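Commentary on secondary and tertiary structure
Read off the chains here:
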Amino acid sequence: MTFPMADFAMQVSELPLLGAAKAGSTGRSLWRRWNRLSRLQRNIITIVLGITIFCVVFLIFNDHSSNTLQSSTSESSAGQRLEAAPAEAPAAAGPRQGGVEVRRVIGRPAAPGQHHGGANIEHRLEETLDGAGNKVQRVNKLVHLHHVDKIGEDLGDDDPSGVRNPPDPDRDPEPEQDPGPDPDSGPAQPEPLIPPRAKRAPVQFPGPTNVRQRAVVSAFQHAWTAYTNYAWGHDHLKPISQTAHDWFGLGLTLIDSLDTMYIMDLKKEFAEARDWVADHLSLDVSDYVNVFETTIRVLGGLLSAHHLSQDDVFLKKAVDLGDRLLPAFNTPSGIPYSDVNLHTLKARGPAWNPDSSTAEVATLQLEFNQLSHVSGDRRYSDRAMAVSNHISGLPKKEGLVPIYISTKDGQFRQYSVVTMGARGDSYYEYLIKQYAQLGLPLAHLRNDFNASVQGIQHLLVKKSKPGDLTFLAELMSGGKNIKPKMDHLACFLPGTLALSVRLGLPPSYMKLAEELMYTCYLTYSRQATGLAPEITYFNMNPDSTTDFYVKPLDAHSLLRPETVESLWYLYHLTGNRTYQDWGWNIFQAFEKYARVPTGGYTSIGDVRNPDNLNPRDSMESFFLGETLKYLYLLFSDDQSTLNLNDYVFNTEAHPLPVLRRPPAPPPRAPLAAAPPVAGGAGHDYI
């Protein structure tokens, strides 16, 4: 039905007469006026009147309920006698108001993003009547919200006008003490993962104290002098051609060497490098750099130098670098891209593979946790630990992981290799080291490492023939096939296993560590140069006459640190000097075959032939940052300064402080001694 709006307005305007009819009006006239309206008009009027009546009733009821609630609060509190008051949160005694004792409990500070930091709770002791008419004392509890402008900063009770009320000396004559959490305010807030920064003094080192340590320092100075002369501020030295080579343009050798010089007490060299970092290190590099390598070498080197020296020059650069690395985490899954442009802050995967390496994305956490610790900015740790926790929740093959993971969906590429070598190694290393750095909150990562060792023992540990040497094979094609190939990189595992035993994992892991350590050493001592190749293949055929062999393309040596790293861990934890002797043999081989007379040390192309070394004219930054550092620590008479109670070493040998100690394991028998070297001519330069 349609009708003109003007006619509707006119007829509705007459409706007040219904409510304002004169006394002489009859009900019949009112009824006639009502019937003159259309059905739609009557429906609309009925709805409006119904809504009006509902609102009036609701307001009256709500006001009554509010008064009743206040009354019931006092009545319900009357069920608690004064003797029961200690069950409340501890309260500091307050002043008496009108004969009523007031006790106040200050609520906890607000969590980030909250507008109120808790409640001020007043416990009022008042007299009232019980159901029998007897006078009793009751405790009434009143709650006053207080506004928080900054976390932990109480600005006083809220004023309706929005103006802060200053403290009233008559009401609050003494500063209030926080007596702890209130039982009525919910569970206690968990301790933050990253502890706040504590004031520290610079660490002091005595310098070399014996012949072997002095020999290592001399080797470092031989390499460093060549670097300063021919490659100062560049990434790498080419010692034979006496030129420089840049990979990222970040001074990798210089920054990788900072803490080595500090530990060796090379004050002059350290000061010169420090000034270069302050005046010349530019992180605004308009090129893509590898996130993993930049983190472990540059960020790790800066953070370690800062911790040891307490020089904030290194911290400022570390924060700048951390901010430039964060865009790598902006992926659909949170698994970081492999590369980031430090100038444009854009990130991408490598051109040859859309996925990231599992080891690379899982080997950022120690550094980002330390950066959050010293900067107070939790973003770094949050992003890195999200990756660890995500990977922890993924399905695995007996704790073992493929070497590639997708940045899109965060899932493993199941067809890829499982190995303790390249692209897999440091994932396992950082599982136990994150626990070493932050303790019980990361116990699930220790459990992941424990599960992975079980998988290693079941699936990867094999024996060679004829000597029954223990080695680590690789799983190919998603675990369907075994490849008896072991990278030099895999020789990190003996040291990491020994560390895990110290952190409470089964003592039987030390036996595996010792067996693998022996095999890793033999890959050096059984070569004609006394140096290990990049990759070693093992024989498993019962008719074999040699335990392992080297293919021509794998015969080079980059002077890697993993074997001497594990030697240091085993010596540090057992005190067995056999490991020192093995390390000295390796160092002597470096001196004999890798030292360049005009300065520096070079990688060599073939460890099998002393007469045709095929030097590569390249000195990697990790030779100074890791290999020589671990040799220096291995030969130290005092193993207490950089001990594993207080330090955790990142995968580039940069010592970082333990931020929260894991619980000490139960006492055990002394760790076993190393086996004697057997088989092969070997090399003895002692």
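Higher on the page you've got the structure.
Read on for an overview of the structure. (Residues numbered from 1 in each chain as written. Predicted model: local features only at pLDDT ≥ 70, side-chain atom pairs only at ≥ 80, totals over all residues. Heavy atoms only, no water.)

Describing the sheet that holds strand S9 (residues 339–341)
Stated formally: Strands are treated as partners if at least two bridges between them are detected by DSSP. Secondary structure follows DSSP: runs of H or I at least 4 residues long count as helices, runs of E at least 2 residues long count as strands, and numbering of each begins at the N terminus. Contacts were defined at the residue level, with two residues in contact if any of their heavy atoms lie within 4.5 Å. All axes here are fitted lines through C-alpha atoms, helices being fitted over the stretch that makes contact, and every angle between N-to-C directions spans 0 to 180 degrees.
Taken in spatial order, the three strands of this open sheet run S8-S9-S10, and their pairing is antiparallel. If you trace the sheet from one side to the other, it starts and ends with strand S8 (288–290) and strand S10 (347–348), each paired once. Across the sheet, helix H8 (residues 291–309) is in contact with S8 and S9; its angle to S8 comes to roughly 65°.

Focus: the pattern of salt bridges
How we decide: Here a salt bridge means any side-chain nitrogen of Lys or Arg lying within 4 Å of a carboxyl oxygen belonging to Asp or Glu. To sort residues, take the accessible area from a 1.4 Å probe on protein chains only and compare it with the maximum for the residue type: under 20% means buried, over 50% means exposed, and anything in between is partly exposed.
Taken as a whole and assessed by the stated rule, the structure comprises 28 salt bridges. Put simply, Lys-485 and Glu-474 hold a salt bridge, and the shortest N to O gap is 2.9 Å. Of this pair, Lys-485 sits in strand S17 (residues 485–487) while Glu-474 sits in strand S15 (residues 474–476), and the two are 11 residues apart along the sequence. Residue Lys-485 is classed as buried on the basis of its relative accessible area of 11%. Beyond isolated ion pairs, a larger network of salt bridges with shared partners links Arg-274, Asp-275 and Asp-311.

Considerations on the pairing of strand S18 (residues 535–538)
Of the two faces of S18, the one holding Ile-535 and Tyr-537 and the one holding Thr-536 and Phe-538 are both buried throughout. Taken together, the two bridges between S18 and strand S19 (residues 548–549) define a ladder with antiparallel strand orientation. In the strand pairing of S19, Phe-538 is matched with Phe-548.

Re the layout of surface pockets
Inclusion rule: Buriedness of a pocket was judged along seven lines, with at least five required to meet protein on both sides within 12 Å; pockets are open sets of points on a 1 Å grid over the protein atoms alone, cavities are sets where a 1.4 Å probe fits but cannot get out, and lining residues have an atom within 4 Å of a point. Grid points are joined across faces, edges and corners, and a volume is the space filled by probe spheres set on the points. Three residue categories are used. Nonpolar comprises Ala, Val, Leu, Ile, Met, Phe, Trp, Tyr, Cys and Pro, charged comprises Asp, Glu, Lys and Arg, and polar comprises the others, including Gly.
For the largest pocket, the calculated volume is near 870 Å³. Along the walls of the largest pocket sit 39 residues, with Trp-247, Phe-292, Glu-293, Arg-297 and Arg-560 positioned nearest its centre. Only strand S6 (236–238), H8, strand S11 (356–357), helix H10 (358–361), helix H13 (425–438), helix H17 (562–574) and helix H19 (621–634) provide two or more residues apiece to the lining of the largest pocket. Considering every element that reaches the lining of the largest pocket, the biggest residue donor is H8, with four residues. Looking at the lining of the largest pocket residue by residue, the class counts come to 13 nonpolar, nine polar and 17 charged.

Digging into the packing of aromatic side chains
Selection rule: To pair, rings of Phe, Tyr and Trp, with the six-membered ring standing in for Trp, must have centres within 6.5 Å; the planes then decide the type, stacked if under 30 degrees apart, edge-to-face if over 60, and tilted in the middle. In this scheme, Lys NZ or Arg CZ marks a charge over a ring once it lies within 6 Å of the ring centre and within 35 degrees of the ring normal.
This structure, assessed with the given rule, holds 25 aromatic pairs. For the ring pair Tyr-262 and Phe-270, a centre distance of 5.2 Å and an interplane angle of 70° mean the geometry is edge-to-face. Looking at Tyr-262, the relative accessible area reads 17%, which means it is buried. When its relative accessible area of 11% is taken as the criterion, Phe-270 is described as buried. When the ring of Phe-471 is compared with that of Phe-538, the centres are 4.3 Å apart and the planes differ by 5°; the resulting orientation is stacked. Linking Phe-471 in strand S14 (residues 470–472) with Phe-538 in strand S18, this pair joins segments that are 67 residues apart in sequence. For the pair shown, Phe-471 and Phe-538 are each scored as buried. Three or more aromatic residues joined by ring pairs form one cluster here, namely Phe-205, Tyr-262, Phe-270 and Phe-314. Over the ring of Tyr-288 we find Arg-348, and its NZ or CZ is 3.8 Å from the ring centre. Directly above the ring of Tyr-537 sits Lys-551, whose terminal nitrogen or CZ lies 4.1 Å from the centroid.

Focus on the side chain of Ser-416
The test is simple: Any pair of N or O atoms that falls within 3.5 Å is considered a polar contact. Within protein, one atom must be able to donate a hydrogen and the other to accept it, and sequence-neighbouring residues count only if both atoms are side-chain atoms.
When you line up the elements, Ser-416 lands in the loop between strand S12 (404–405) and H13. Judged by relative accessible area, Ser-416 falls into the buried class, the value being 5%. Among the polar contacts made by the side chain of Ser-416, one reaches the main-chain carbonyl oxygen of Arg-413 at a distance of 2.5 Å. Among residues more than four places away in sequence, those in contact with Ser-416 are Pro-402, Ile-403, Tyr-404 and Gly-478.

Some points on the environment of His-458
Mapped onto the fold, His-458 is located in helix H14 (residues 443–460). With 60 residues separating them in the primary sequence, His-458 and Glu-398 have C-alpha atoms 8.6 Å apart.

A short note on the packing of helix H5 (residues 211–230) against helix H6 (residues 252–263)
Just so we agree on the cut-off: A clockwise turn of the near helix away from the far one marks a right-handed crossing, whereas an anticlockwise turn of less than a right angle marks a left-handed crossing.
It is at 12 Å that the axes of H5 and H6 come closest, and there the two elements cross at 145°. At the point where H5 passes H6, the crossing takes the left-handed sense. Of the residues in H6, those touching H5 at Phe-220, Trp-224 and Tyr-227 are Thr-253, Leu-254, Ser-257, Thr-260 and Met-261. Per-class residue counts for the contact of H5 with H6 are five nonpolar, three polar and no charged.

Description of helix H9 (residues 312–325)
Basically, it comes down to this: One fewer than the residue count of a helix, multiplied by 1.5 Å, yields its expected span.
With 14 residues, H9 ought to run about 20 Å at 1.5 Å a step, and its terminal C-alpha atoms sit 20 Å apart, in line with that. Burial in H9 covers these residues: Val-313, Phe-314, Leu-315, Lys-317, Ala-318, Leu-321, Gly-322, Arg-324 and Leu-325. Where H9 is buried, its residues touch H6, helix H7 (267–280), H8, S9, helix H11 (365–375) and helix H12 (379–392). Between a side-chain oxygen at the N-terminus of H9 and the backbone nitrogen of Val-313 the separation is 3.0 Å; the capping residue is Asp-311.

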